[in-house]
Amino acid sequence: MLLPSLMRIFVIMRRVYHFRLLQTTVVPLLGSLAFVLACICLLRFSHNPFHWVAAVVGILFFGGCFFSTVRTMLRRRDDEAVVLTPSACTITDPRGHRIELPWRQIERIDPLDYRGQRLVALFPYDAETVLDQASGRIARRLMRWNCSCLGTPIAIPMQTIRGDREELLATLRDYLRKYGR
């Protein structure tokens, strides 16, 4: 009797939104493979030296894209995009870098539409503390660019997450109301 109620509380307290890994990686994987094959055909059937150079450059570039996508798929330990707990909201990008933002540091959560991309933006009280959690120099610059364009360093793109934006927004706002300031 006690165990099922505890399990139900644990499920309610820990909400997980997952990536759409297959849908977001199949297109780059197949596209890069198709372009590598097209470059191989160009290399094989063309007798123009300029075409050979273009084919070799294409094979190197799109082959790199293919192996980068495969490496990203293999390095992913789990496919959790957003994990909500009573203490914090943990956001993981597709490469596996995590940012943990305590609820008391989040000012508000709003939907954004930026150039046709549907986002859920988390506005922290102090953006510098979030920028300090960035995993590297390039990630920090991208987060600063997000701040200048969107007004916040953290914006969750909805095309990478299973589920509805309104559902995620309602759940995030509910957690913020319960566990925020």
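Everything that follows concerns the structure shown earlier in this document.
Because the structure is predicted, anything quoted here is derived from the model rather than measured.

## Examining the environment of Leu43
Item 1. Counting through the fold element by element, Leu43 comes out in helix 2 (residues 21–45).
Item 2. In sequence terms Leu43 and Ala55 are twelve residues apart; their C-alpha atoms lie 5.6 Å from each other.
Item 3. Leave out the neighbours within four places in its chain, and Leu43 touches Trp52, Ala55, Val56 and Ile59.

## Regarding a nonpolar patch on the surface
Item 1. Judged by side-chain polarity, Leu43, Trp52, Val56 and Leu60 come together as a nonpolar surface patch covering roughly 370 Å² of accessible area.
Item 2. Examining the composition of the nonpolar patch, we find that three residues originate from one element, helix 3 (residues 49–75), more than from any other.
Item 3. Relative to the elements of secondary structure, Leu60 occurs in helix 3.

## Considering the nonpolar core
Item 1. Formed by 26 residues in total, the largest nonpolar core has its most connected members in Cys89, Trp103, Ile109, Leu122 and Leu172.
Item 2. It is helix 6 (residues 165–179) that contributes the most residues to this core, five residues altogether.
Item 3. Excluding residues within four positions of it along the chain, Leu122 makes contact with Cys89, Ile91, Leu101, Ile106, Arg108, Ile109, Thr152, Ile154, Ile156 and Leu172.

## Some details on the sheet that holds strand 7 (residues 154–157)
Item 1. The three strands are arranged 5-6-7 in an open sheet whose pairing can be described as antiparallel. Looking at which strands have only one partner, the edges of the open sheet turn out to be strand 5 (106–114) and strand 7. Taken pair by pair, the neighbouring strands of this sheet meet at an average axis angle of 25 degrees, ignoring direction.
Item 2. Each of strand 5, strand 6 (117–124) and strand 7 is contacted by helix 5 (residues 137–150), which is oriented at about 75 degrees to strand 5, the strand it contacts most.
Item 3. The sheet strands contacting helix 6 are strand 5 and strand 6, and the helix crosses strand 5 at an angle near 165 degrees.

## Quick look at the packing of aromatic side chains
Item 1. This structure, assessed with the given rule, holds five aromatic pairs.
Item 2. On the numbers, 5.0 Å between centres and 80 degrees between planes, the contact of Phe61 with Phe62 is edge-to-face.
Item 3. Given the relative accessible area of 23%, Phe62 is considered partly exposed.
Item 4. Ring geometry for Tyr175 versus Tyr179: centroids 5.6 Å apart, planes at 50 degrees, classification tilted. Here Tyr179 and Tyr175 lie together in helix 6, a separation of four residues that amounts to about one turn.
Item 5. The exposure class of Tyr175 is buried, given its relative accessible area of 5%.
Item 6. Residue Tyr179 is classed as partly exposed on the basis of its relative accessible area, which comes to 25%.
Item 7. What links up through ring pairs into an aromatic cluster is the set Phe35, Phe61 and Phe62.

## Quick notes on the pairing of strand 3 (residues 88–92)
Item 1. In terms of burial, strand 3 is a largely internal element, five of the five residues being buried.
Item 2. Burial along strand 3 is two-sided: Ala88, Thr90 and Thr92 and Cys89 and Ile91, pointing in opposite directions, are all buried.
Item 3. Both strand 2 (residues 80–84) and strand 3 contribute to a ladder of three bridges, which runs antiparallel. Pairing of Leu84 across the sheet is with Cys89, part of strand 3.
Item 4. Where strand 2 hands over to strand 3, the hairpin turn is made up of three residues, counted between the paired strands.

## So, helix 5
Item 1. For helix 5, with 14 residues, the first-to-last C-alpha span of 20 Å sits near the 20 Å given by 1.5 Å per residue.
Item 2. Listing the buried residues of helix 5 in full gives Ala139, Met143, Asn146 and Leu150. Projected onto a plane normal to the axis of helix 5, the buried residues spread over an arc of 55 degrees and lie on a single side. Exposed and oriented more than 90 degrees from the buried face of helix 5 are Arg137, Ile138, Arg141 and Ser148.
Item 3. Phi for Gly151, located one or two positions after helix 5, is positive at around 90 degrees.

The rules behind each value
- Residues numbered from 1 in each chain as written.
- Predicted model: local features only at pLDDT ≥ 70, side-chain atom pairs only at ≥ 80, totals over all residues.
- Heavy atoms only, no water.
- Helix = DSSP H or I, 4+ residues; strand = E, 2+ residues; numbered from the N terminus.
- Contact = heavy atoms within 4.5 Å.
- Patch = residues over 30% accessible without salt bridge, like charges linked within 9 Å, V, L, I, M, F, W, Y side chains within 5 Å.
- Areas by Shrake-Rupley, 256 points an atom, 1.4 Å probe, with all protein chains shown as cover.
- Salt bridge = Lys/Arg side-chain N within 4 Å of Asp/Glu carboxyl O.
- Core = buried A, V, L, I, M, F, W, Y, C linked by side-chain atoms within 4.5 Å.
- Buried < 20%, exposed > 50% of the residue type's maximum accessible area, 1.4 Å probe, protein only.
- Pairing = 2+ DSSP bridges.
- Axes fitted to C-alpha atoms, helices over the stretch in contact; angles between N-to-C directions.
- Phe/Tyr/Trp six-rings, centres within 6.5 Å; stacked < 30°, edge-to-face > 60°.
- Expected span 1.5 Å × (residues − 1).
- Arc of directions from axis to C-beta.

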